[in-house]
Amino acid sequence: VIDTKQADIVEVEFYPYLKLADYIPKNVKSVFVHHEIRFVRNNRFLEQLTPKPKDIAFNNLLKKEEIDYLNKYDIVITLTEEDKHVLKSNGVSSEICVSPAAVSTGSKPVIPWNRSLVFVGGFGHGPNVEGLSWLAEKVFPLIRWSNYPNLHFKIIGKGWPEHFLPPVNGLKVVYCGFVNHLEDAAYGGIMLVPILSGSG
């Protein structure tokens, strides 16, 4: 496709596709968008365990491989300044640019909390399912919902099956699906962002 279309630049996203750098012709500019630094995620995972020396050695090998592949790209794009700093301080020599994942919307006056909790993310993205499941299993059971009457939890994003969350006594769950105007659907609510992995 690159040859047929005579591409000037190729953009690659997500860690599993990092090794595509080996297949991009040297005369074509290459950009990698790093949504999640995998060696940071792996380190966080290992911190929860009692790793054996071979686990640590394998983790270090994966980290070196990730950095080596990032250095095959002309430009690496991160979503935060912190991620840029982490990559630079760990030996990434490719140019690194930061492109925050944010949407600029018009300003609205601040309104009082409307008793809604809001989660945004589609069911088709694994980290969303992971995060919402964690919230339902680990956090919601710790809350005395009867102390907060008339609360409702909006799940905004396409694909969520009705009754994905187990029933929570005292909390009404509203599955909104895809919404055309997120700024209106989430207005006045408290955003819950349980991201354990991935980004978005």
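Residues numbered from 1 in each chain as written. Predicted model: local features only at pLDDT ≥ 70, side-chain atom pairs only at ≥ 80, totals over all residues. Heavy atoms only, no water.

**Q** What is the right way to look at the overall build of the protein in this model?
**A** Secondary structure summary: the protein contains six helices and eight strands in total. Relative to the 2.2 N^0.38 estimate, which gives 16 Å for 200 residues, the radius of gyration of the protein is 21 Å and therefore markedly larger than a compact globule would have. Its C-alpha atoms give the protein principal-axis dimensions of roughly 60 × 45 × 30 Å. Split into buried and exposed, the 200 residues of the protein put 33% on the buried side. About 13000 Å² of surface is accessible on the protein, with carbon and sulfur atoms providing 56% of the total. For the protein, the distance from the average position of its 21 positive side-chain charges to the average position of its 21 negative side-chain charges is 6 Å. (Helix = DSSP H or I, 4+ residues; strand = E, 2+ residues; numbered from the N terminus. Rg over C-alpha atoms; globule rule 2.2 N^0.38 Å. Buried < 20%, exposed > 50% of the residue type's maximum accessible area, 1.4 Å probe, protein only. Areas by Shrake-Rupley, 256 points an atom, 1.4 Å probe, with all protein chains shown as cover. Lys, Arg positive; Asp, Glu negative; His and termini not counted. Charge placed at Lys NZ, Arg CZ, Asp CG, Glu CD.)

**Q** Is there a simple way to think about the packing of helix α2 (residues 38–47) against helix α3 (residues 53–70) in this case?
**A** Packed helix pairs are specified by the crossing angle of their axes together with the interaxial distance, meaning the distance between the axes. Close contact between α2 and α3 brings their axes to 9 Å; oriented N to C, the two are set at 165°. Put simply, α2 runs roughly antiparallel to α3. Regarding α2 and α3, the two cross each other, and that crossing is left-handed. Side by side, α2 and α3 meet where Arg38, Phe39, Asn42, Asn43 and Leu46 of the first sit next to Asp55, Asn59, Leu62, Lys63, Glu66 and Ile67 of the second. Its residues assigned to classes, the contact of α2 with α3 comprises four nonpolar, three polar and four charged. (Axes fitted to C-alpha atoms, helices over the stretch in contact; angles between N-to-C directions. Parallel < 35°, antiparallel > 145°, perpendicular 65-115°, else oblique. Left-handed = near helix turned anticlockwise from the far one by under 90°. Contact = heavy atoms within 4.5 Å. Nonpolar A, V, L, I, M, F, W, Y, C, P; charged D, E, K, R; others polar.)

**Q** Looking at this model, I keep getting lost on the pattern of salt bridges. Mind explaining?
**A** Pairing between side chains becomes possible if they bear opposite charge and their charged atoms approach one another. Going through the model one piece at a time under the given rule, you end up with six salt bridges. For Lys19, the salt bridge identified is with Glu65, shortest N-O distance 3.3 Å. Of the two residues, Lys19 is situated in the loop between β1 (9–13) and β2 (29–34) and Glu65 in helix α3; the sequence distance between them amounts to 46 residues. Classification of Lys19 by relative accessible area gives partly exposed; the value is 42%. Residue Glu65 is classed as partly exposed on the basis of its relative accessible area, which comes to 28%. Bridged by salt links that share partners, the residues Glu36, Arg38 and Arg41 form one connected network. (Salt bridge = Lys/Arg side-chain N within 4 Å of Asp/Glu carboxyl O.)

**Q** Sorry, what's going on with α2 here?
**A** Residues spaced three or four apart along an α-helix face the same direction, because each turn holds 3.6 residues. Among the residues of α2, Arg38, Phe39 and Leu46 are the ones counted as buried. Buried residues along α2 cover an arc of 95° about the axis, so they all sit on one side. Exposed residues pointing more than 90 degrees away from the buried face of α2 are listed as Arg44 and Glu47. Looking at the packing, one finds that the buried side of α2 touches β2, α3 and α4 (81–89). (Arc of directions from axis to C-beta.)

**Q** Explain the sheet that holds strand β3 (residues 75–78) to me, please; I cannot follow it from the model alone.
**A** Hydrogen bonds between backbone atoms are what pair the strands of a sheet, whose relative direction is either parallel or antiparallel. The four strands lie next to each other as β1-β2-β3-β4, forming an open sheet whose pairing is parallel. The open sheet has two edge strands, β1 and β4 (95–98), and neither has a second partner. Each adjacent strand pair in this sheet contributes to an overall mean axis angle of 25°, direction not counted. Bridge count between β3 and β4: four bridges; the pairing is parallel. Paired with Thr78 across the bridge in β4 is Val98. Sitting on the sheet, α4 touches β2, β3 and β4, and the angle it makes with β4 is about 165°. (Pairing = 2+ DSSP bridges.)

**Q** Hey, could you run me through the nonpolar core in this one?
**A** Inside soluble globular proteins, nonpolar side chains tend to come together where they are buried. Residues Leu70, Tyr73 and Leu87 are the most contacted members of the largest nonpolar core, which totals 18 residues. Within the residue set of this core, elements represented by two or more residues are β1, α3 and α4. Of all the elements, α3 adds the most residues to this core, at three residues. Among all residues touching Leu87, those that are not within four sequence positions of it are His34, Ile37, Phe39, Leu70, Val76, Thr78, Val92 and Ile96. Core analysis: the next-biggest nonpolar cluster, separate from the first, contains 16 residues, Phe119, Phe140, Phe153 and Leu165 among them. (Core = buried A, V, L, I, M, F, W, Y, C linked by side-chain atoms within 4.5 Å.)

Spatial relationships are all this shows, so hold off on functional conclusions.
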